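Here are the chains, one letter per residue:
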Amino acid sequence: MAYPVPAACYVVLATAVVVYAQRHSQQESHIHYAQLGTDVTIQCGSVDQDAAVTWTANSTDLDPSHLNGSRLILRNVDLSHNGQYSCYEGTSWHLKYRVNLKVGTPPKEPTLMCRSNNYPNGFYCSWHLPSPTYIPDTFNVTVIHDNKEIVCEKDASPKNRCYIRYHHLFSSKRYKVTLTVTNALGSSSSSISFDEFAIVKPDPPENVVAKPVSNNARRLLVTWQYPSSWPDPESFPLKFFLRYRPLIIDQWQHVELSDGTSHIITDAYAGKEYIIQVAAKDNEIGTWSDWSVAVHATPWTEEPKHLTTEAQGAAETTTTSTSAFVVPPTTRIYNSDEQGTDGAVALSVVVGLVLVVFSIHFI
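These numbers come from a predicted model, not from an experiment.

Novice: Residues and numbers for the side chain of Asp203, please.
Specialist: For Asp203, the location among the structural elements is in the loop between β16 (186-194) and β17 (206-212). Engagement of the side chain of Asp203 in a polar contact is seen with the side chain of Ser229, the distance being 2.6 Å. The contacts of Asp203, once residues within four sequence positions are left out, are Arg115, Asn117, Pro227, Ser229, Ala280 and Ser289.

Below, the structure is given as structure tokens:
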């Protein structure tokens, strides 16, 4: 038998649905940025200061001790305070305000560096912050040369880099690059000035290979290739710097090479494993590259000689003969007394042997 549901139940249910919908209704979220370690006050939209409200943080009700009237007070904020804060009016739970709190720091002075690894095509500038800000930052780079601003083309990856193409080669005018970083809490900038020759620095040589030299226990052949980023080796040749050492010694030996892409090390220790690296530099301008990836090699060593079958047979025969060899007894001169005594002993031994044989026969 079905019982009718009282009308009051429908009213309560409908009210609950309305409250839930209001509490979770979509309202434009504002963004509030706060600096680490500061106190933060958030207003409940246009609600009166004395109105009764409830605040939530990431859908969790906040204790009323955080309220000053309808305002939310957060003390000494840190990264754990990041999140969405919502304010509801009175007992109706009507959503009045919603804000995303983002805690961070203003940017410190950025580190800026410019380098040409593909001279004479151009150069790139890269940067980084000495410490994170935890909130979004924007970077603006300006490049001035001969009182004209040059476009710095931003790289898609990495994002903290841009590229400048040379408009005039061999210019005596200096370049000035300024980087400004800005976020919602502040800004900072840094500048550097240089001429085009000073920032030329090739990438390290590539495909470095070290091999032993046959029949020579103190030589290693080292070969390498120009860095693939260096655009014109014919017009702008590189010189190279080789360093090497055995793994058992910490001290490097160095060789500077004005041309070519190979070198024979002639003073290696026989049988010792070596570690080898190469750096590159333009013949006239700029600075040395970083070291290449280290490679390892060991000088040639002679294979041990194995005995032939005939030699092995001779060795085995000699060994067998030697093991079967018995040192002859020492010759002694007996006197008459010793001969009589030895004869008696010998006779006793013979008699004993005869008795033993006789006993075995009858058994």
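Novice: Explain the environment of Arg98 to me, and be specific about the residues and the numbers.
Specialist: Among the secondary structure elements, Arg98 is positioned in strand β8 (residues 94-104). Judged by its relative accessible area of 9%, Arg98 is buried. Along the backbone, Arg98 and Trp55 are 43 residues apart, and their C-alpha atoms lie at a distance of 9.5 Å.

Novice: Go over the state of the cysteines, please, and point to the residues and values.
Specialist: Here, the word disulfide means a covalent bond between the sulfur atoms of two cysteines. Throughout the structure, instances matching the rule amount to 3 disulfides. A sulfur-sulfur separation of 2.0 Å characterises the disulfide bridge that pairs Cys114 with Cys125. Since a negative S-S torsion denotes a left-handed disulfide, the Cys114-Cys125 link at about 100° is right-handed. Of this pair, Cys114 sits in strand β9 (residues 111-115) while Cys125 is found in strand β10 (residues 122-128), placing the two residues 11 residues apart along the sequence.

Novice: Lay out the nonpolar core with the relevant residues and their values.
Specialist: Formed by 41 residues in total, the largest nonpolar core has its most connected members in Phe123 and Ile276. Ignoring anything within four residues of it in the chain, the contact list for Phe123 reads Cys114, Arg115, Ser116, Cys162, Tyr163, Ile164, Tyr166, Tyr175, Phe194 and Ile199. In this structure, Ile42, Ala57, Val99 and Val103 belong to the second largest nonpolar core, which totals 17 residues.

Novice: Residue-level account of the sheet that holds β9, with values.
Specialist: Pairing within the open sheet is antiparallel, and its 4 strands lie in the order β9-β10-β14-β13. In the strand order of this sheet, the two ends are held by β9 and β13 (153-154), each with one partner. Here 5 bridges tie β9 to β10, and the two strands are oriented antiparallel to one another. For Leu112, the partnering residue across the bridge sits in β10 and is Trp127.

What counts as what
Residues numbered from 1 in each chain as written. Predicted model: local features only at pLDDT ≥ 70, side-chain atom pairs only at ≥ 80, totals over all residues. Heavy atoms only, no water. Helix = DSSP H or I, 4+ residues; strand = E, 2+ residues; numbered from the N terminus. Polar contact = N/O pair within 3.5 Å; in protein donor to acceptor, adjacent residues only side chain to side chain. Contact = heavy atoms within 4.5 Å. Buried < 20%, exposed > 50% of the residue type's maximum accessible area, 1.4 Å probe, protein only. Disulfide = S-S within 2.5 Å. Core = buried A, V, L, I, M, F, W, Y, C linked by side-chain atoms within 4.5 Å. Pairing = 2+ DSSP bridges.

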